[in-house]
Amino acid sequence: MTDETAVPDLGYLNSLLVDKFRVKRQPVAITLCRDEPPPGYEPVKIVACGVVRAAEGGRRVYVDADNHDCWVGQFHLGWLPKADGYITDGHYLTDAQGFYTPEAAARNKAQSHSLPQGRIRALAAAPLDQVPEGVHVDLLVCVVDPQRAMQIAGAASVREGTFPVGELGASACASIFAAPVNTGNSVFAIGDGGGRMHNRLDAAEMFVSIPRAHFRYIVELIENFRIDPKKMREVIMPSHAAKAAGGAG
């Protein structure tokens, strides 16, 4: 690819992730809908982060201010008035979880990423290889093991030198939808208890969320993927460099 602003073919990107990198779960395309949801996407009354799991199952879905089942997701997507302090100040955390102090809960919400009020009207999700023609895709979300999280979220770091953002403690919807938009960067996230439960992550899985501008770096990473362990040892480990030099002589 010579055009640095171009987005790779989504079917090809999906194939690289599934067939070359062997990700076990279906990559998901996320669309931040400034206007109406795309045609062919169905409204669902689920938690916002749950659109990932729904799309993994082959569905094209969306949540919005009227179709949802989570006030926290509403807040982080910019649909809940900030005057509603029960959610925005974290009171729900202390009411439902005895280990949260009120101060920590308030700081959790204050430090978590949220989209600006009115930035989007809906959040849509579809399997990465089943996005209808003409639908703009803003994010790629995938549930993977730590090794693949390192590689996929770190793709920009090996192509342009930008380290990804690591998220721990925030709600999953804040980390995988708002954080990559606000930072313009790739994100890897453990997710919160609810986000992990609703998306059925096992103990060895985490989320990665990649902004549109970084899609091409995943393609470039996989197309150029090569590791020479012997050479790596020689260039960084004095003991192996000495052996290599001795053998060459």
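Quick caveat, the model's predicted, so the values are computed rather than measured.

Visitor: Any chance you could explain the environment of Val-47 here in plain terms?
Guide: With respect to the helices and strands, Val-47 occurs in the loop between strand 2 (42-43) and helix 2 (51-56). We classify Val-47 as buried; its relative accessible area is 13%. Distance from Val-47 to Val-72, taken between C-alpha atoms, is 8.6 Å for residues 25 residues apart in sequence. When near neighbours in sequence (up to four residues on either side) are disregarded, Val-47 contacts Asp-69, Cys-70 and His-198.

Visitor: Explanation requested: the environment of Ala-54 in the structure shown.
Guide: With respect to the secondary-structure elements, Ala-54 resides in helix 2. Leaving out residues up to four positions away in the same chain, Ala-54 has contacts with Ile-46, Arg-59 and Val-61.

Visitor: Help me out: how do you make sense of the sheet that holds strand 3 (residues 61-64) in this one?
Guide: Strand order in the open sheet formed by 8 strands is 2-3-4-1-5-8-7-6, with mixed pairing between adjacent strands. Looking at which strands have only one partner, the edges of the open sheet turn out to be strand 2 and strand 6 (165-167). Bridge analysis of strand 6 against strand 7 (residues 187-189) gives 3 bridges, and the strand direction is parallel. When the sheet's bridge partners are listed, Gly-166 is paired in strand 7 with Phe-188.

Visitor: Is there a simple way to explain the pattern of salt bridges in this structure?
Guide: Opposite charge on two side chains allows them to pair when their charged atoms are near. For the structure on display, the rule yields 10 salt bridges. With a shortest N-O distance of 3.3 Å, Asp-138 and Arg-34 are connected by a salt bridge. Placement of the pair is Asp-138 in the loop between strand 4 (122-127) and strand 5 (139-144) and Arg-34 in the loop between strand 1 (28-33) and strand 2, with a sequence separation of 104 residues. Residue classification places Asp-138 among the buried positions, given a relative accessible area of 11%. Connected via shared salt-bridge partners are Arg-25, Arg-53, Glu-56 and Glu-205.

Visitor: Mind showing me how you'd approach the pairing of strand 4 here?
Guide: A regular strand places its side chains so that they alternate between the two faces of the sheet. The buried fraction of strand 4 amounts to 6 of the 6 residues, a majority that puts the element mostly inside the structure. Where strand 1 meets strand 4, 6 bridges bridge the pair, whose relative direction is antiparallel. When the sheet's bridge partners are listed, Ala-29 is paired in strand 4 with Ala-126. Relative to strand 4, strand 3 runs antiparallel, the two being bridged by 4 bridges. Along strand 4, the bridge assignment pairs Val-63 with Leu-123.

Parameters at a glance
Residues numbered from 1 in each chain as written. Predicted model: local features only at pLDDT ≥ 70, side-chain atom pairs only at ≥ 80, totals over all residues. Heavy atoms only, no water. Helix = DSSP H or I, 4+ residues; strand = E, 2+ residues; numbered from the N terminus. Buried < 20%, exposed > 50% of the residue type's maximum accessible area, 1.4 Å probe, protein only. Contact = heavy atoms within 4.5 Å. Pairing = 2+ DSSP bridges. Salt bridge = Lys/Arg side-chain N within 4 Å of Asp/Glu carboxyl O.

Read these as spatial facts, not as claims about activity.
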